[in-house]
Amino acid sequence: SYGKKIGSRSISSFFNPYMREISETTLHTEINLRKGLDMNEFRLYLQPQMDCIRNKIEGFEALIRWNHPEKGLIAPVEFISHAESTGLILPIGEWVIRQAFTQLAKWKKSGQTSMTLSINVSPRHFLHEKLVPFLEMCLETYDIMPEQLIIEITENVAMGDYLAAQKRIIELRELGFLISIDDFGTGFSAFVYLQHFPIDEIKIDRRFIREIEENDKSLGIVKTIIDLAKLLNLRVIAEGVETIEQLNLLRSIGCKTIQGYYYARPMPSEEVEEWMGTKTTN
Ligand code: C2E
Ligand code: MG
Ligand code: MG
Ligand code: MG
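Scoring rules and cut-offs
Along every chain, residues carry numbers that run from 1 in the direction the sequence is written. Whichever chain is written first is A, and whichever ligand is written first is 1; the rest continue in order. Totals for whole chains, interfaces and linings use every residue, but because this is a predicted model, local features are given only for residues with pLDDT of at least 70 and side-chain atom pairs only at 80 or more, for both listing and counting. Where side-chain values are given, they derive from all heavy atoms of the structure, hydrogens and water being excluded. Nonpolar core, defined: a set of buried Ala, Val, Leu, Ile, Met, Phe, Trp, Tyr and Cys residues in which side-chain atoms within 4.5 Å join the residues together. Only protein chains enter the calculation, and the probe is 1.4 Å; a residue is then buried if its accessible area is under 20% of its type maximum, exposed if over 50%, and partly exposed in between. Counting from the N terminus, the helices are the DSSP runs of H or I reaching at least four residues and the strands are the DSSP runs of E reaching at least two. By definition, residues are in contact when any of their heavy atoms lie within 4.5 Å. The criterion for an aromatic pair is that two Phe, Tyr or Trp rings (for Trp, the six-membered ring) have centres within 6.5 Å, with stacked assigned to planes under 30 degrees apart, edge-to-face to planes over 60 apart and tilted to the rest. In this analysis the charged atom, NZ for Lys or CZ for Arg, is taken to sit over a ring once it is within 6 Å of the ring centre and within 35 degrees of the ring normal. Axis definition: a line fit to C-alpha positions, over the contact stretch in the case of helices; interaxial angles, taken between N-to-C directions, run 0 to 180 degrees. Roughly parallel covers angles under 35 degrees, roughly antiparallel covers those over 145, roughly perpendicular covers 65 to 115, and oblique covers all other angles. Think of it as three bins: nonpolar holds Ala, Val, Leu, Ile, Met, Phe, Trp, Tyr, Cys and Pro, charged holds Asp, Glu, Lys and Arg, and polar takes everything else, Gly as well. The rule for donors is simple: N, O or S, within 2.8 Å of the metal, or within 3.2 Å if the metal is Na, K or Ca. Water isn't counted, so a site may look like it is missing partners. When at least one non-hydrogen atom of a residue lies within 4 Å of a molecule or strand, that residue is treated as near it. Pairing of N or O atoms within 3.5 Å defines a polar contact, subject to two protein rules: one partner must be a possible hydrogen donor and the other a possible acceptor, and residues neighboring in sequence count only if both atoms are side-chain atoms. Per residue, pLDDT captures the predictor's confidence, and it can take any value from 0 to 100.

**Things to note about the nonpolar core**
Of all hydrophobic cores here, the largest spans 80 residues; its most connected members are Phe 60, Phe 101, Ile 151 and Leu 250. Considering each element in turn, this core owes the most residues, nine residues, to helix α4 (residues 89-109). Not counting chain neighbours up to four residues away, the residues in contact with Phe 60 comprise Leu 46, Gln 47, Pro 48, Gln 49, Trp 107, Met 115, Thr 116, Leu 117, Ser 118, Val 272, Trp 275 and Met 276.

**A closer look at the packing of aromatic side chains**
Two aromatic rings are characterised by how far apart their centres lie and by the angle between their planes. Applying the stated criterion across every chain, the model contains eleven aromatic pairs. Summarising the aromatic geometry, the rings of Tyr 193 and Phe 197 are spaced 5.5 Å apart at their centres and angled 45° between planes, so their arrangement reads as tilted. In this structure Tyr 193 comes out as buried when scored by relative accessible area, which is 2%. Here the aromatic residues Phe 42, Trp 66, Phe 79 and Trp 95 are joined through ring pairs into a cluster of three or more. The lysine or arginine in question, Arg 65, covers the ring of Tyr 45, its NZ or CZ lying 5.3 Å from the ring centre.

**Things to note about the packing of helix α6 (residues 131-142) against helix α8 (residues 162-174)**
Packing of α6 against α8 brings their axes to within 11 Å, and their N-to-C directions diverge by 10°. With respect to their mutual orientation, α6 and α8 come out roughly parallel. From α6, Leu 131, Val 132 and Leu 135 reach across to α8, where they touch Arg 168, Glu 171 and Leu 172. Among the residues making up the contact of α6 with α8, the classes are represented as four nonpolar, no polar and two charged.

**What about unusual backbone geometry?**
Leave glycine aside and you will find that most residues have negative phi; peptide bonds, for their part, are mostly trans. Phi angles above zero are rare outside glycine, and Asp 143 is one such case at about 50°. One non-glycine residue, Asp 183, lies in the positive phi region at around 50°. By the element assignment, Asp 183 lies in strand β6 (residues 178-184). For Asp 183, a relative accessible area of 21% puts it in the partly exposed group.

**Section: the coordination of the magnesium ion (ligand 3)**
Around the magnesium ion (ligand 3), the protein contributes the donor atoms Asp 182 (OD), Asp 183 (OD), Glu 239 (OE) and Glu 239 (OE), which lie 2.0 to 2.6 Å from the metal centre. Expressed as a motif, the donor residue spacing for the magnesium ion (ligand 3) is D-D-x55-E. Separation of the magnesium ion (ligand 3) from the magnesium ion (ligand 2) amounts to 4.2 Å, with Asp 182 serving as a shared donor to the pair. Remark: Glu 239 occurs in strand β8 (residues 235-239) and Asp 182 occurs in strand β6; sequence separation between them is 57 residues. On the basis of relative accessibility, which here comes to 6%, the residue Asp 182 falls in the buried class.

**Quick look at the side chain of Gln 259**
With respect to the secondary-structure elements, Gln 259 resides in strand β9 (residues 257-259). Gln 259 gets classed as buried once you look at its relative accessible area, which sits at 3%. Beyond its immediate stretch of four places on either side in the chain, Gln 259 contacts Gln 47, Pro 48, Gln 49, Glu 61, Lys 203, Ile 237, Ala 238, Glu 239, Gly 240 and Val 241.

**Observations concerning the site of ligand 1**
Taken together, 21 residues sit near ligand 1, with Arg 65, Asn 120, Asp 182, Glu 242 and Tyr 261 positioned nearest. Interatomic distance of 3.0 Å between a side-chain N/O atom of Gln 47 and a nitrogen atom of ligand 1. Within the side chain of Glu 242, one N or O atom sits 2.5 Å away from a nitrogen atom of ligand 1. If you list the elements that add at least two residues to the shell around ligand 1, you get β2 (56-68) and β6.

**Here's the deal with the confidence of the model for the protein**
Confidence in the prediction of the protein, expressed as mean pLDDT, is 90, and 89% of residues score 70 or more. Contacts of residues 1-16 to residues separated by more than four positions or lying in other chains number twelve contacts, the stretch itself having pLDDT below 50. Interface scoring of the predicted complex returns ipTM 0.98; its pTM is 0.91.

Written out as structure tokens, the structure reads:
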């Protein structure tokens, strides 16, 4: 509860004035985040993932933004870690899941039943006991095919509790959802989890993509990830592709699925239908 936290914070701030500033900022954000949630200020933007061989849409990734009444559109990097540390990531994550199911139900209505939607689930939410029952409830309510929802996690979920992460992945796949490892190669990269975690997809982090033209090491790493994905029968996506040169290079080394500004920036969900009209879908 707020009362308790304010109490302990004021005690520590009595001894450490620097701490007080940090705590107050955090508290400020926490209350604001809660308010933002209550006032329905969050928005889900969608960015397409393209088959670059056939020039077709395979799916979209959902990316949260906070449409603050005074500060305007706030990027997730500004608030997701606060949400994670305060626990507000739970209601925020559940909001994201509901929005995702709503979008999938909309696509179902218009006959787009092979379109996938990827969501980012934070480590704390991923390992939380409420995640599975919440997703089960959504499956019943929205009546969509679970394999259309891809759950993106980072390698760091395995850092805290390896067995719990493995168990959760298995539970979610038993429900029919797909699992993707986001920012692949930037976190706790233990190849052993590739062996023991039944995942479906890996996303090559844009830090590697950014340098593939100039940096032989980056190109080598990207090539190796693509080959590894093929060997393990995983879908592989290159993130952060901005130029035709990067796209051509990736295509030449066997990467089929591309996400990045080259095709489109993340867009408000209301604009997605119109954007899709300009492309071919699966
Ligand atoms: P991510 O999941 O790796 O998402 C990809 C990020 O790269 C997005 O930033 C996207 O806008 C950006 N991006 C895509 N293509 C390009 C490109 O060609 N060039 C450049 N420079 N950037 C590109 P965004 O939307 O700011 O999100 C940042 C991170 O915040 C995400 O990284 C994800 O870790 C987190 N995040 C976003 N939405 C959610 C959410 O709903 N829940 C949680 N837990 N985390 C989220
Ligand atoms: Mg992601
Ligand atoms: Mg990523
Ligand atoms: Mg990320």
